[in-house]
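Chain and residue survey
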Amino acid sequence: MAGVKLDLVRELASGLESLLFPSACRACGADLAGARLICRRCRDYLTAPLPETWRRRCDLGEEAVGRWARHPYEGPAGEALRLLKFGGKRRMAALLAAGLAPLVQVLKAATGVEAAVPVPLHPARRRERRFNQSEDIGRRVATAVGIEFKPRGLARLKYTRPQVELDGEARRANVRGAFAAREDFSGRTVLVVDDVITTGATVAECARVLCETGATTVVAVAVAGAGLTEASEQ
Ligand SMILES: [Zn+2]
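Anyway, here's the lowdown on the structure attached to this text. No experiment lies behind these values; they were computed from the predicted model shown.

Put simply, side chains in a regular strand alternate between the two faces of the sheet. Taken across its 9 residues, strand β6 (residues 189-197) has 8 buried, putting it largely inside the fold. Bridge count between strand β2 (residues 115-118) and β6: 4 bridges; the pairing is parallel. Bridge pairing in β6 places Ala115 opposite Val190. Of the strand pairs in this sheet, β6 and strand β7 (residues 217-225) are connected by 8 bridges, and their pairing is parallel. Bridging across to β7, Val196 finds its partner in Ala224. The parallel pair β6 and β7, bridged by helix α9 (residues 201-212), forms a crossover whose chirality is right-handed.

Running from N to C, helix α5 (residues 92-111) and helix α7 (residues 133-145) point in directions that differ by 50°, and their axes come no closer than 8 Å. Between α5 and α7, the interaxial angle falls into the category oblique. In the crossing of α5 with α7, the sense of the turn from one axis to the other is right-handed. On α7, the residues touching Ala93, Ala94, Leu96, Ala97, Leu100, Ala101, Val104, Gln105 and Lys108 of α5 are Gln133, Asp136, Ile137, Arg140, Val141, Ala144 and Val145. By residue class, the composition of the contact of α5 with α7 is 11 nonpolar, 2 polar and 3 charged.

Spanning 20 residues, α5 covers 28 Å between terminal C-alpha atoms, matching the ideal 28 Å at 1.5 Å per step. The largest bend in α5 amounts to roughly 35° and is located at Leu100, with the proline Pro102 lying one to four residues further along. Counting buried positions over the 20 residues of α5 gives 14, a clear majority of the element. One or two positions beyond α5, positive phi appears at Gly112, with a value near 75°.

Here the focus is the sheet that holds β2. Taken in spatial order, the 5 strands of this open sheet run β1-β7-β6-β2-β3, and their pairing is parallel. Two strands bound the open sheet, and with one partner strand each, they are β1 (67-72) and β3 (148-149). On top of the sheet, helix α4 (residues 76-85) reaches β1, β6 and β7; it is set at about 95° to β7, its chief contact.

Our next topic: α4. In terms of burial, α4 is largely enclosed, as 8 of its 10 residues are buried. Along α4, the positions that sit buried rather than exposed are Pro76, Ala77, Glu79, Ala80, Leu81, Leu83, Leu84 and Lys85.

The phi torsion of most residues other than glycine is negative, and most of the peptide bonds are trans. Even without being glycine, Leu37 reaches a positive phi, approximately 70°. Tracing the backbone through its elements, the reader meets Leu37 in the loop between α1 (2-20) and α2 (40-46). Of note in this structure, Arg130 is not a glycine but carries a positive phi near 80°. With respect to the secondary-structure elements, Arg130 resides in the loop between α6 (123-129) and α7. Residue Arg130 is classed as exposed on the basis of its 8 C-beta neighbours within 10 Å.

Moving on, we get to the pairing of β1. Taking burial as the measure, the 6 residues of β1 include 5 buried ones, the bulk of the element. By the bridge criterion, 5 bridges tie β1 to β7 in an arrangement that is parallel. Counterpart to Ala69 in the pairing with β7 is Ala222.

Cut-offs and rules
Every chain's residues receive numbers from 1 upward, in the order its sequence appears when written. Local features are withheld for residues below a pLDDT of 70 in this predicted model, meaning they are given only at 70 or higher, and side-chain atom pairs are given and counted only at 80 or more; totals for whole chains, interfaces and linings count all residues. Exposure classification rests on a simple neighbour count of other C-beta atoms within 10 Å of a residue's own: a residue reaching 20 or more is buried, one at 12 or fewer is exposed, and one in between is partly exposed. C-beta atoms are placed from the backbone. Here a helix means four or more residues in a row that DSSP labels H or I, a strand means two or more in a row labelled E, and each is numbered from the N terminus. Pairs of strands are assigned from DSSP output, requiring at least two bridges between the strands. Here a crossover is taken to be right-handed if, once the strands point away from the viewer, the path from the first strand over the helix to the second is traced clockwise. The axes used here are C-alpha line fits, helices contributing only the stretch in contact, and every angle between their N-to-C directions lies in the interval 0 to 180 degrees. For classification purposes, an angle smaller than 35 degrees is called roughly parallel, one larger than 145 roughly antiparallel, one from 65 to 115 roughly perpendicular, and anything else oblique. Put simply, a crossing is left-handed when the front helix is turned counterclockwise from the back one by less than a right angle, and right-handed when it is turned clockwise. Residues are treated as contacting if the C-beta atoms built from their backbones sit within 7 Å of each other. Charged residues are taken to be Asp, Glu, Lys and Arg, nonpolar residues to be Ala, Val, Leu, Ile, Met, Phe, Trp, Tyr, Cys and Pro, and polar residues to be all remaining types, Gly included. Given the number of residues in a helix, its expected span is that number minus one, multiplied by 1.5 Å. The angle between axes fitted to the seven residues ending at a residue and the seven residues starting there is what we call the bend at that residue.

Spelled out as structure tokens, the structure:
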């Protein structure tokens, strides 16, 4: 349960930071100038229009079936995600969803995505955190883009170690058999929504399970991708 303790430590650190620096942007440290938690510049960055190169590639369908991360994890997106997950600042979900929705809109046009499923948390972690950040973000994105949202489409069967503590093959082994589909996705094109994609092992396992239930195509998106440079996709 090291992950749970780590969550608690981060939550406390986040609370302490806001007490010490109440007027600083939590993503970049700049003066908030009346904004809450995240400054205007960081908000604009997180909700900037989709880069034209992406739009073209998505329209052509070249990379449409695969894994897409909207922002690099290093930077405002990672900070906003930490505020959401460990600081309990659930309003961050709306900001992050606003940035992710245009990407999903283009992917929908290219692939005909019909339903969105969040990567689920294990029930024990969900109880501890009280919400699933990927569900909060995914629900808003699905509503904005006009696709069906299936918050219970996948279940997490295994209490896995955080992927961040592992690498390569260990990550794939860690999530193998971790998920089960709870709905019938026969003949459907499904979008998996995660908060962070690192190696892609988690969303690949979700896709495998969804395809087993008959999904024809699975596309995965995340707010942030680890190790990405600005405006790139994986
Ligand atoms: Zn900022």
